[in-house]
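# Structural overview for review
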Amino acid sequence: MIRRAQPWLGTLVEITVDDGAGQDAVTQAFAEIARLHALMSFHDRASDIARINRALPGDVVDVDAATRDVLRLALHIADLSGGAFDIACAPWLVDRHIVPAPAEVHPAPRASSTVFALEDDGRVVKRDAGWIDVGGIAKGYIVDAAVAVLQQAGAIEGCVNAGGDLRAFGTAPVPVAVRSPRAPGQAARHIMLCDEALATSGSYFSARVHEGVVVGALLDARDGRPLVAAASASVRAARCAVADALTKVVLATGDCRHPALAAFGATAFLT
């Protein structure tokens, strides 16, 4: 097996693949990760996301096909979850100094479907003032994209792991240890993953005190409530993008049988 790692997506991304694919396949996969990271970064002013955030109501923004895919899936999951997951939650993250303000005029948090729309030709129309952050879904999408590159290059078995958002492909089971939220250096659960994805979300590394209140990068997009309880949510699904987003739904609702999971054939557990 070939195993390589690089720092991307705010974490360490590790690719493990059968040596039949060759080193070039891994290099191509990391190149795709870098490309998508640049497209969907909240911080990079040249990214698709930053250009959407700076756009004024009525503006039309041309974006990459991958960005359109992420925005379309995010809108779908926001609808299925009743807004528990919504990428237009960024104003709350800015308020809490989790991410920097994209522009001087600070919009109110609102549903993503009121902030932007996707035209039939794939362009993004800014409907109303608002900021979006795809950090809660893009990492999983990029994992899926890296797997696709590896498979197109002839890889048969492997795994892409981006800091706990991972996808295994092939017939060989991949052992996965899920961190204990109360003791992140220890494993709370061990599972085997085979030709599917797993994502886990918890606040054990991002939680901090802001203006006397414990906050973090995770929140309930319906009301901005910080999700900082000593718990994590893990979701198994066919696609890592789906698993990534649905972990926030489970954390926000506490419901491992939420209808949004069934819509994708996903399963979840809280730790």
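Look above for the structure.
Everything numeric in this text was worked out from a predicted model, so none of it was measured. (Residues numbered from 1 in each chain as written. Predicted model: local features only at pLDDT ≥ 70, side-chain atom pairs only at ≥ 80, totals over all residues. Heavy atoms only, no water.)

Turning to the sheet that holds strand β5 (residues 124-126), a few remarks are in order. Strand pairing within a sheet occurs via backbone hydrogen bonds; the two strands may be parallel or antiparallel. Here we have three strands laid out as an open sheet, ordered β3-β5-β4, and antiparallel in their pairing. The sheet is open, and its two edges are formed by β3 (60-61) and β4 (116-118), each paired on a single side. Across two bridges, the pairing between β3 and β5 is antiparallel. Within β5, the position partnered with Val 60 by the bridge is Val 125. Docked against the sheet, helix α3 (residues 65-80) engages β4 and β5, running at close to 115° with respect to β4. (Pairing = 2+ DSSP bridges. Helix = DSSP H or I, 4+ residues; strand = E, 2+ residues; numbered from the N terminus. Contact = heavy atoms within 4.5 Å. Axes fitted to C-alpha atoms, helices over the stretch in contact; angles between N-to-C directions.)

Strands sit in the order β1-β2-β6-β7-β10-β15-β16 across an open sheet of seven strands; the sheet is antiparallel. Among the strands making up the open sheet, the edge pair consists of β1 (2-8) and β16 (267-270). Taken over all neighbouring pairs, the strand axes of this sheet differ in orientation by 10° on average, direction set aside. Here strand β7 (residues 165-169) runs beside strand β10 (residues 197-202); their pairing, made up of two bridges, is antiparallel. Along β10, the bridge assignment pairs Leu 166 with Leu 198. Where helix α6 (residues 138-152) meets the sheet, it contacts β2 (11-17), β6 (158-162) and β7, and its direction lies at approximately 25° from that of β7.

Along β10, six of the six residues are buried, which leaves the element largely enclosed by surrounding structure. The alternating pattern of β10 places Ala 197, Ala 199 and Ser 201 on one face and Leu 198, Thr 200 and Gly 202 on the opposite face, and all of these are buried. Here six bridges tie β10 to strand β15 (residues 232-237), and the two strands are oriented antiparallel to one another. Of the residues in β15, the one forming a bridge with Ala 197 is Ala 237. (Buried < 20%, exposed > 50% of the residue type's maximum accessible area, 1.4 Å probe, protein only.)

A few words on the pattern of salt bridges. Enumeration over the complete set of coordinates arrives at twelve salt bridges. Between Asp 48 and Arg 51 there is a salt bridge whose closest N-O contact spans 2.7 Å. You can see Asp 48 and its partner Arg 51 sitting in helix α2 (residues 48-54), three residues apart, about one turn around the helix. The buried category is assigned to Asp 48, whose relative accessible area is 4%. What makes Arg 51 partly exposed here is its relative accessible area of 28%. Across the pair Arg 110 and Asp 128 runs a salt bridge whose closest N-O atoms are separated by 3.7 Å. One end of the pair, Arg 110, is in the loop between α4 (90-95) and α5 (112-115); the other, Asp 128, is in the loop between β5 and α6, and 18 residues separate them in sequence. Judged by its relative accessible area of 32%, Asp 128 falls in the partly exposed class. Among the ionic contacts, a cluster of salt bridges with common partners joins Glu 32, Arg 35 and Asp 64. (Salt bridge = Lys/Arg side-chain N within 4 Å of Asp/Glu carboxyl O.)

With that out of the way, let us pick up the packing of aromatic side chains. Summed over the entire model, instances satisfying the criterion amount to zero aromatic pairs. A cation sits over an aromatic face here: Arg 189 above Phe 269, 4.0 Å from the ring centre. (Phe/Tyr/Trp six-rings, centres within 6.5 Å; stacked < 30°, edge-to-face > 60°. Lys NZ or Arg CZ within 6 Å of the ring centre and 35° of its normal.)

A separate point is the nonpolar core. A general feature of soluble globular proteins is that nonpolar side chains tend to end up buried together. Formed by 79 residues in total, the largest nonpolar core has its most connected members in Met 40, Ile 87, Ile 132, Val 134, Ile 137, Leu 150 and Leu 246. The element contributing the most residues to this core is helix α7 (residues 240-253), with ten residues. Residue contacts for Ile 132: discarding those within four places in its chain leaves Phe 42, Ile 49, Ile 52, Asn 53, Leu 71, Ile 87, Ala 88, Ala 90, Val 115 and Phe 116. Core analysis: the second largest hydrophobic core is formed by ten residues, Cys 159, Val 174, Ile 191 and Phe 269 among them. (Core = buried A, V, L, I, M, F, W, Y, C linked by side-chain atoms within 4.5 Å.)

What follows covers the side chain of Asp 18. Tracing the sequence through the fold places Asp 18 in the loop between β2 and α1 (23-40). Despite its burial, Asp 18 pairs with no opposite charge, the nearest such side chain being Arg 3 at 12 Å. Those residues in contact with Asp 18 that sit more than four places away from it in its chain are Met 1, Ile 2, Ala 155, Ile 156 and Glu 157. (Lys, Arg positive; Asp, Glu negative; His and termini not counted.)

In this section: α1. Spacing of three or four residues puts side chains on the same side of an α-helix, whose turn is 3.6 residues. The end-to-end C-alpha distance of α1 is 26 Å, a good match for the 26 Å that 18 residues give at a rise of 1.5 Å each. Buried within α1 are the following residues: Ala 25, Val 26, Ala 29, Phe 30, Glu 32, Ile 33, Leu 36, Leu 39 and Met 40. Of the surrounding elements, those touching the buried residues of α1 are β1, β2, α2, α3 and α6. (Expected span 1.5 Å × (residues − 1).)

End to end, α7 covers 20 Å across 14 residues, agreeing with the expected 20 Å (1.5 Å per residue, within 8%). Buried residues dominate α7, accounting for 13 of its 14 residues. Looking at the residues trailing α7, positive phi occurs at Gly 254, about 70°.

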